[in-house]
Amino acid sequence: MATEKRPTMLRLPEDIYEKIRYLAFVERRSVNGQIEHALYKYIKDYEKRYGPIQIPEPNEEEE
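This write-up is about the structure you can find in this document. (Residues numbered from 1 in each chain as written. Predicted model: local features only at pLDDT ≥ 70, side-chain atom pairs only at ≥ 80, totals over all residues. Heavy atoms only, no water.)

## Regarding the overall build of the chain
The cut-off we apply is this: Working definition: helices are DSSP H or I runs of at least four residues, strands are E runs of at least two. Numbering for both runs from the N terminus. Any residue under 20% of the maximum accessible area for its type is buried, any over 50% is exposed, and the rest in between are partly exposed; the area is computed with a 1.4 Å probe on protein chains only. Each accessible area is a Shrake-Rupley estimate made with a 1.4 Å probe; only the visible protein chains count as cover when residues are assessed. Positive charges are assigned to Lys and Arg, negative charges to Asp and Glu, while His and the chain termini are left out of the count. Lysine's charge is taken at NZ, arginine's at CZ, aspartate's at CG and glutamate's at CD.
Looking only at helices and strands, the chain has two helices and zero strands in total. The principal-axis extents of the C-alpha atoms in the chain amount to approximately 45 × 35 × 25 Å. A buried classification covers 5% of the 63 residues belonging to the chain. Here the chain has roughly 6800 Å² of accessible surface; of this, 55% comes from carbon and sulfur atoms. In the chain, which carries 11 positive and 13 negative side-chain charges, the distance between the mean positions of the two groups comes to 13 Å.

The structure is reproduced here in C-alpha cells:
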C-alpha cells in the first residue's frame, strides 16, 4: 500500500508515550495516528492564532 507520508523517528519520554498510548486507545487510533492527530490540531490552532504557515519552495541548489 503506497503512502504519501514521510517516515520519521520520534523519541518520547516514557510518561508522554504512555499518555499518548492511553489517548489512542480511548479514541480508537494507533499511537502513530494519535500523534499525527495531535500535531494536526496543534498546527490548526497555531495557524488560527498567527495565520497560515508559509512553506518556502526548496532551492534547486539545495537538492
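Alright, that's what it looks like, and here's the rest.
## Observations concerning helix α1 (residues 14–26)
Applied cut-off: By definition here, a helix of n residues has an expected span of 1.5 Å times n minus one.
Helix length check: α1, at 13 residues, gives a terminal C-alpha distance of 18 Å against a target of 18 Å (1.5 Å per residue), a fit within 8%. Looking one or two residues beyond α1, the residue adopting positive phi is arginine 28, at roughly 55 degrees.

## Overview of the packing of aromatic side chains
Counted only if it meets this: Aromatic pairing here means that ring centres of Phe, Tyr or Trp (its six-membered ring) are within 6.5 Å. Orientation follows from the plane angle: under 30 degrees is stacked, over 60 is edge-to-face, and everything else is tilted.
Here the structure, examined in full by the defined rule, presents two aromatic pairs. Pairing tyrosine 42 with tyrosine 46 gives two aromatic rings, centres 6.4 Å apart and planes at 40 degrees, and the pair type is tilted. Linking tyrosine 42 with tyrosine 46, this pair stays in helix α2 (residues 31–50), spanning four residues, or about one helical turn. Residues tyrosine 46 and tyrosine 50 carry aromatic rings whose centres are separated by 4.7 Å and whose planes lie at 45 degrees to one another, so their mutual orientation is tilted. Pair noted here: tyrosine 46 and tyrosine 50 are both in helix α2, with a separation of four residues, about one helical turn. Note on tyrosine 50: relative accessible area 53%, which makes it exposed. The structure contains a cluster of three or more aromatic residues connected by ring pairs, namely Tyr42, Tyr46 and Tyr50.

## Quick notes on the side chain of glutamine 34
Cut-off, in case you're wondering: Two residues form a contact once any of their heavy atoms are found within 4.5 Å.
Position of glutamine 34 among the secondary structure elements: in helix α2. If we ignore the near neighbours within four places in the chain, the residues touching glutamine 34 are Ile20, Leu23, Ala24, Glu27 and Arg29.

## A word on the environment of lysine 19
Position of lysine 19 relative to the elements: it lies in helix α1. Under the relative-accessibility criterion, lysine 19 is labelled exposed at 55%. Put simply, lysine 19 and valine 31 are 12 residues apart on the chain and 9.9 Å apart in space, counted from C-alpha to C-alpha.

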